Amino acid sequence: MLESALLHLVKGIVDEPDQVRVSSRSTPRGEVLEVRVDPGDLGRVIGRAGRTAKALRTVVGALADGRQVRVDVVDVDR
C-alpha cells in the first residue's frame with residue numbers, strides 16, 4: 001500500500017511519470033522505499049532545500065501506521 005501511494009504522489013510531481021519506479025526492501029531497521037525518476041525530474045522530486053522530499057516522507061510516515069519506513073530518492077546516474 002505504501003509503495004502504490006508513494007508512486008501515485010511522485011507521478012503527480014514529475015514531467016515523465018512513465019519513468020517513475022518505486023521499489024521496496026526490508027532491512028533490520030524497517031522498510032526502505034526507493035524512488036527512481038528520470039534524471040531531469042530529480043530536482044522536482046527533491047524540491048528546493050529538500051522540501052518536497054521531506055513532505056513525501058511525512059505523508060508516507062503518516063500512512064505507515066507506526067511502522068519504521070524510510071524513503072530514499074535514488075540518483076540513477078550513479
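Treat the numbers as computed from the prediction; the structure is a model and nothing was measured.

*Asks:* For this particular structure, what's the right way to read the overall build of the protein chain?
*Replies:* When you go through the protein chain residue by residue, the secondary structure sums to three helices and three strands. Computed over its C-alpha atoms, the radius of gyration of the protein chain comes to 12 Å, within 12% of the 12 Å expected for a compact globule of 78 residues. Principal-axis analysis of the C-alpha atoms places the extent of the protein chain at approximately 35 × 20 × 20 Å. Of the contacts made within the protein chain by residues no fewer than 6 positions apart, 59% connect residues no fewer than 24 positions apart. Total accessible area on the protein chain stands at roughly 5,200 Å², and carbon and sulfur atoms take up 47% of it. If the 13 positive side-chain charges of the protein chain are averaged to one point and the 12 negative ones to another, these points end up 7 Å apart.

*Asks:* What should I look at first to understand the sheet that holds strand E3 (residues 69-74) in this one?
*Replies:* Neighbouring strands of a sheet are bound in pairs by backbone hydrogen bonds; such pairs are parallel or else antiparallel. One open sheet holds the three strands; their spatial order is E1-E2-E3, and the pairing between them is mixed. Because the sheet does not close on itself, it has two edges, and the strands there are strand E1 (21-27) and E3. Adjacent strand axes in the sheet meet at a mean angle of 20° when their direction is disregarded. Where E1 and strand E2 (residues 30-36) come together, seven bridges link them in antiparallel fashion. Its bridge partner lying in E2, Arg-21 is registered against Arg-36. Sheet strands touched by helix H1 (residues 2-11): E1, E2 and E3. Its angle to E2, the strand with the most contacts, is close to 30°. Running at roughly 150° to E3, helix H3 (residues 51-63) makes contact with E2 and E3 of the sheet.

How each quantity is defined
- Residues numbered from 1 in each chain as written.
- Predicted model: local features only at pLDDT ≥ 70, side-chain atom pairs only at ≥ 80, totals over all residues.
- Heavy atoms only, no water.
- Helix = DSSP H or I, 4+ residues; strand = E, 2+ residues; numbered from the N terminus.
- Rg over C-alpha atoms; globule rule 2.2 N^0.38 Å.
- Contact = heavy atoms within 4.5 Å.
- Areas by Shrake-Rupley, 256 points an atom, 1.4 Å probe, with all protein chains shown as cover.
- Lys, Arg positive; Asp, Glu negative; His and termini not counted.
- Charge placed at Lys NZ, Arg CZ, Asp CG, Glu CD.
- Pairing = 2+ DSSP bridges.
- Axes fitted to C-alpha atoms, helices over the stretch in contact; angles between N-to-C directions.

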